[in-house]
Amino acid sequence: MIKLEQPSMVLNAEGVPGPYYKMWNSWTVPPAAKPIDIMAWVASVASSAPSTVGGFNLVINCHGNHARLGLGTGFGWSQLPLFTLLAPSVSTIYLVACNVVSFSGSGDGNLFCSTMAKNAAARVIASSHTQTTGAWPTIPYGYIDGFEGDVWMWHPDGSNELTEL
């Protein structure tokens, strides 16, 4: 399990397999939520959160596919500029979504996550593998269960590296 410094925020997509994560601010995002409204709410919460040494974390827990997030009505390439609303309030974005990272074609999740990191001026962490909470019946407050497969971290300048998470 990965413990996140609080305050952190989690966006659990309605209908994603549980258990849902619980943070200082937790929102179960309905399928009809528009990306602009989601990002505006995150920006509002993040900018009003108490300051911490490690910064404010955002967890996006949803279905995913190459360069696509199934949160609300969905996030693809055309929604990436909305992540500028999060700068400079959010320091790290954890994408707990299946197969977001890929390295070719129009669904190039590497470039997608790199662009997200640059727009948000934040680190982005995601995997190239199917994600699952496995046998965990519950996930404790302030934790995510971890990642399956190779885990990549993109820095605010868009560069990336494999990480040990």
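Here the structure is a predicted model, which means the values were calculated and not measured.

Draft legend 1. Geometry of the layout of surface pockets. Its volume calculated, the largest pocket comes out at about 150 Å³. Along its surface, the largest pocket is lined by 14 residues, and Val16, Pro17, Asn61, Gln131 and Thr132 are the ones closest to its centre. Split by residue class, the lining of the largest pocket holds eight nonpolar, five polar and one charged.

Draft legend 2. Structural context of helix α1 (residues 35-48). Its 14 residues give α1 an end-to-end C-alpha distance of 20 Å, which sits within 8% of 20 Å, the value for a rise of 1.5 Å per residue. Looking only at α1, the buried set comprises Pro35, Ile38, Met39, Val42, Ala43, Val45 and Ala46. Contact partners of the buried residues in α1: β2 (8-13), β3 (25-29), β4 (56-61) and β7 (90-96).

Draft legend 3. Region of the structure containing the pairing of β4. Within β4, six of the six residues are buried, which leaves the element mostly enclosed by the surrounding structure. The side-chain alternation of β4 yields two buried faces, one formed by Phe56, Leu58 and Ile60 and the other by Asn57, Val59 and Asn61. Where β2 lies against β4, five bridges are found, and the strand directions are parallel. Across the sheet, the residue bridging to Leu11 is Ile60, located in β4.

Draft legend 4. Region of interest: the packing of aromatic side chains. Applying the stated criterion to the full structure yields three aromatic pairs. Seen from their ring centres, Trp24 and Phe56 are 6.4 Å apart, and the 85° between their planes marks the pair as edge-to-face. A residue pair is termed long-range when its members are at least 10 positions apart, and Trp24 in the loop between β2 and β3 and Phe56 in strand β4 qualify at 32 residues. You can call Phe56 buried: its relative accessible area is 4%.

Criteria and thresholds
- Residues numbered from 1 in each chain as written.
- Predicted model: local features only at pLDDT ≥ 70, side-chain atom pairs only at ≥ 80, totals over all residues.
- Heavy atoms only, no water.
- 1 Å grid on protein atoms, 1.4 Å probe; cavity = no way out; pocket = protein on both sides within 12 Å on 5 of 7 lines; lining within 4 Å.
- Points joined across faces, edges and corners; volume = space filled by probe spheres on them.
- Nonpolar A, V, L, I, M, F, W, Y, C, P; charged D, E, K, R; others polar.
- Helix = DSSP H or I, 4+ residues; strand = E, 2+ residues; numbered from the N terminus.
- Expected span 1.5 Å × (residues − 1).
- Buried < 20%, exposed > 50% of the residue type's maximum accessible area, 1.4 Å probe, protein only.
- Contact = heavy atoms within 4.5 Å.
- Pairing = 2+ DSSP bridges.
- Phe/Tyr/Trp six-rings, centres within 6.5 Å; stacked < 30°, edge-to-face > 60°.

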